[in-house]
Structure formats: structure tokens, C-alpha cells
Amino acid sequence: MNRSDAPEMILVLDFGGQYNQLIARRVRENHVYCEVHPHTLSLAQIRELAPRGIILTGGPNSVYGAGAVTAPRELFSMGIPVLGICYGAQLMAHLLGGTVETAPTSEYGRTEVDIVGTDSPLLRGIPAKNVCWMSHTDYISAPPAGFSVTARTSVCPIAAMEHASRRLYAVQFHPEVMHTEHGTEILRNFVYNVCGCTGTWHMGSFVRKTIEELRERIGGGRALCALSGGVDSSVAAVLLSKAIGRNLTCVFVDHGLLRKDEGDEVEAVFGSSGTYDVNFIRINARERFYKKLRGITEPEEKRKIIGAEFIRVFEEAAHEIGAVDFLVQGTIYPDVIESGLGKSAVIKSHHNVGGLPDHVDFKEIVEPLRLLFKDEVRAAGRELGIPDDLVDRQPFPGPGLGIRIVGEVTAEKVRIVQDADAIYREEIANAGIQRGLGQYFAALTNMRSVGVMGDGRTYDYAVVLRAVATSDFMTAEAAQIPWDVLSKVTTRIVNEVRGVNRVLYDCTGKPPATIELE
Ligand code: XMP
């Protein structure tokens, strides 16, 4: 999106806080477009972006410590409203002549806060006594000249401060975190009351504009999209199909490691009898993948084989299609932010349908979703009329069931895990509890154990059920599934899925476990 399409923009400058993406999401929930950039952005770059307001995030440093990350003091005299959060608040205080020190008592978690600045535009409508989320050891002990204190807690004398005429605001607590009772209202007050935004960010207009822009950019060119059947690539494909119709070819590689009936479901939506006017190619490569995976048990090796084979199959299809002008990728905003802000240690080598460009003959990459968070991608999908079961689909890893089958992958094991997983999903849906679950699935342990069925001994596989609550998939807690649901799923799996005589529930969080088994 270019600047003229986003006249109302809030800029989040990231100082390394854990909640930087959350701030942007909360602002966007208020229908104001928001971008996250590193704190190293220069004043000229900031002017170029022309934000209506700037939010400084939290971060792990001390403003007075060696190597503290900082910002130019002139940031506060550009005439653009600034809201500092936690470290951002301390930085504002420090750079403008206030004092920041180590607090006598740290504050972590839910904290009662008293609002004392009744006429503050930032805190308008917020009850005098409420609860916020704190996470700090340093505190502002003296505000800069001209600032007034607008909130405090029992141990933090400056929980919020402001210089209303300069439109500078600071909160020690985290308004972006759900546990801050009126956090969303505070952010809304900032963007509407302080920055003067009117709320122009709506998914309907984003979808319309994106289609127009794609049509203009691609014109009569040809585009190729690797469709996985997941939300991101599906929404990207539909946007492209609305823009360029039959000039788009979608290639769907069925590696035989999909959930039960998933391949047919994708074909029903995108194939010749589906709703969209695209060229759809389904490649059934199941045998090929199973053959490559024969005898392989090490998780990373499995991941690499599946990823490499995927590229090979896709390449072969692309070769038949011939050179294209554009390769479509379903990259979304968290990927963009993460790649811009440094990467963390590799725990697992991820395989995405996005990892293809080195091997395909194309001129440019199109990433129509690169500005959207996951929930916004789903909203865009709904605007585009994509069926709910596809739009609401939970994340599914590129290597598919290959990493939900511990040890060697075989066609027989795929059948077991597909059937068990279908039963589990069906019963979760029957119980109506899917909304609270970030991800839930059945996996197959590599363990066989002794059981008794009828009058006979069995020696069969154990299926493990997993369900996690998570907002970002970086950390997760094992979800508490009602016992009667687990019990029903267990009975159905052992009765209906041949080769299973035991069902286990995974109670481990992440960390120490990961969400997937491999
Ligand atoms: P883990 O198992 O690392 O998973 O806790 C975190 C989230 O990432 C998904 N996942 C993947 N997604 N390609 C993907 O597109 C992959 O190779 C991959 N591995 C894990 C996983 O399903 C969970 O949502």
C-alpha cells in the first residue's frame, strides 16, 4: 500500500518489547492503520512515513544503562503526538530531563492503578480506580519540566504522565495487554482524541483497493501461486483471482500428508467446479513423498525431505507452465516484522509454501497480505466470500502429518492419524469449544502397547491428542478439554480407527514442549 492510500497511520517504534505486534493489532482494531518499525528509523524516514502519531514500545533495557537503545530527542518536537509505553515512557522522561531510576519495588502483573488526571485526553472515560498490567523494575521518579502526573499505583508514583499542549503522553503500564482493563480505550483515546484519527482502516476497503492495485500492477501478466489450502495462501489466491482471473494459475501439491479430505475440500473451492475463476492444478504426489520418507525417523531429516520434495514437485509443475511474471506468496505482517527485526534461534526448520522463489522462473514477487495480521487475513477472507471452514482453519504446518507421526511415516500411519484427527475435530466442534483453542489435533506416537478387545489381546498404536491455548504460537498452554469430550473422543477412536488401542492426552505447555510433536 502506498502512503496516499494510508493517510491515517500510527507508527510504532520498536525498542525490543515483547508486545510490539500487539500494540499494532490493538490500534488496527480501532480501525486505524498502524506499522511497526525498528527504533533506529531516522527523523527523515519518520517524516516520509507521515504518521499521525508515534508509539514507543517497551523493551528490556534501562535508559541509563550502557548500550541502552534510544531515539533522537527531536522526535518529541516534530509536532507529532507521541505515546511512550513502559520503556518508551522512561525514554521520554529521560530524554526530556526527567529522572529514571531502579524502583525500590518491581511491579509485575495485574496492578491497581489510580487515575489522577481527570481532564487527560488520553485517560478520558477511564474509571478513577482500575486494573492495569505492569512489567517493570525501573520507574520514572521525577517527570520532565512541564509534565503532569495523571496516574499512579501504590508503589509507582508516575504510572502515567503527560504534556498535553506538546501532545506527549507516557504510561508505565501496558495498555496493549488484555489484562489492562481499559487498555483498548486508552489506545483509542490516543489515536482519536490526541492524534485526531477518524478510523479509515476497514477490511472491505483494503480488499477493494488491493484488488485494484494488483490489477494495475500485474495488468495482462501471468502469475503463479502455490496453494496450500491454508488461510494465507487461499486468501492471497482469491485476491489475485479477483484481480486477474485466468491469468493466475494455482498449483496445489497434495503430498499425502494433509488432514482427512483436505485435498478434496481445497479442490472443491478452487477447482473447475468451484467458485473462483482461476486455473487450478492439483498434483497428487502422495506415493512420491511416502517413498522418499521410507525408513526416515529423524524429525529434522523428515522436515528437510518433505520441504525439498515439495520444491521439486512444484518446480516440475512450474516448468510445464513456463515462465511467469509474478510469483504469489502468502507472507503476512508478523513475518515481515520478524524478518526486519532480527531472527531468533532455529528450533525447527520450517517449511512453508512460501519458500520457493529460488527455483521458479519469475520476474517479481507479489505479497498481497504482507501488511495484515492473521485475524485481518481471516477478515479479508470473509470479505471475499471464502467459506468459513477454510477461513477459520487452524494453522497447519507445511510438512503436514509428517511431523505429527513420530518416527517413520507410512501410508497406514497416515490413515490412522487422519481418521483419529477427524474424529477429534468433529467432537470438538460438536462440543462447541473450538473458539478457545489455538490449535488442536491428533498425532501418532511411535509406541505400540498391549490392550484387550473383545476376548483378545491387541498390540496396537497409541494416539496422542493435543490442544493448546495460545495467542502467538511462540508460547502455549495445554488446554483443559472437558473430560466428557476427551472420553467420547477416546471411545470413538479406539472403536472406529483400526490399529489404535490407546489414547493419551498431552498436558505439556510450550516451553518446554513445542506445539507439534516433531
Ligand atoms: P511448534 O511446533 O514450533 O509450532 O511449537 C509453532 C506453530 O508453527 C506451526 N509449524 C509450522 N508451520 N511450517 C509451517 O508453516 C512448518 O514447518 C511448521 N512447523 C510448525 C505449528 O503448527 C504451530 O502453529
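Residues numbered from 1 in each chain as written. Predicted model: local features only at pLDDT ≥ 70, side-chain atom pairs only at ≥ 80, totals over all residues. Heavy atoms only, no water.

A.B. asks: What is the right way to read the side chain of aspartate 419 from this model?
C.D. replies: On the secondary structure map, aspartate 419 appears in helix 13 (residues 411–431). In contact with aspartate 419, not counting residues within four places along its chain, are Lys260 and Val497. (Helix = DSSP H or I, 4+ residues; strand = E, 2+ residues; numbered from the N terminus. Contact = heavy atoms within 4.5 Å.)

A.B. asks: I'm lost on the packing of aromatic side chains in this one. Help?
C.D. replies: In this description, an aromatic ring pair is defined by two values, namely the gap between the centres and the angle between the planes. Evaluation of the coordinates by the stated rule reveals seven aromatic pairs. Pairing phenylalanine 252 with phenylalanine 280 gives two aromatic rings, centres 6.2 Å apart and planes at 25°, and the pair type is stacked. Here phenylalanine 280 lies in strand 12 (residues 279–284) and phenylalanine 252 lies in strand 11 (residues 248–254), a separation of 28 residues in the sequence. Considered together, phenylalanine 252 and phenylalanine 280 belong to a single accessibility category, that of buried residues. The interplanar angle of 80° and the centroid separation of 5.4 Å between the aromatic rings of tyrosine 333 and phenylalanine 373 together place this pair among those described as edge-to-face. Taken together, the positions of tyrosine 333 in helix 10 (residues 333–340) and phenylalanine 373 in the loop between strand 14 (364–366) and helix 11 (374–383) put the pair 40 residues apart, joining distant regions of the chain. The pair tyrosine 333 / phenylalanine 373 is uniform in exposure class, with both members buried. Ring pairs connect the aromatic residues Tyr33, Trp201 and Phe206, which therefore count as one cluster. (Phe/Tyr/Trp six-rings, centres within 6.5 Å; stacked < 30°, edge-to-face > 60°. Buried < 20%, exposed > 50% of the residue type's maximum accessible area, 1.4 Å probe, protein only.)

A.B. asks: Sorry if this is basic, but what is going on with the environment of glutamate 412 here?
C.D. replies: The residue glutamate 412 is located in helix 13 in this model. You can call glutamate 412 partly exposed: its relative accessible area is 39%. Here the alpha-carbon distance between glutamate 412 and arginine 498, two residues 86 residues apart in the chain, equals 9.8 Å. Among the polar contacts listed, one links the side chain of glutamate 412 to the side chain of arginine 415, at a separation of 2.9 Å. (Polar contact = N/O pair within 3.5 Å; in protein donor to acceptor, adjacent residues only side chain to side chain.)

A.B. asks: What should I look at first to understand the pattern of salt bridges in this one?
C.D. replies: One side chain can pair with another of opposite charge once the charged atoms of both are near each other. All chains considered together, the criterion is met by 32 salt bridges. The salt bridge involving glutamate 309 is made with arginine 288; its shortest N-O contact spans 2.8 Å. A residue pair is termed long-range when its members are at least 10 positions apart, and glutamate 309 in helix 9 (residues 299–321) and arginine 288 in helix 8 (residues 286–293) qualify at 21 residues. The buried category is assigned to glutamate 309, whose relative accessible area is 3%. Residue lysine 304 pairs with glutamate 300 through a salt bridge whose shortest N-O separation is 3.8 Å. Of this pair, lysine 304 and glutamate 300 both sit in helix 9, four residues apart, roughly one helical turn. It is possible to trace a salt-bridge network through shared partners that takes in Glu426, Glu427, Lys488, Arg492 and Glu496. (Salt bridge = Lys/Arg side-chain N within 4 Å of Asp/Glu carboxyl O.)

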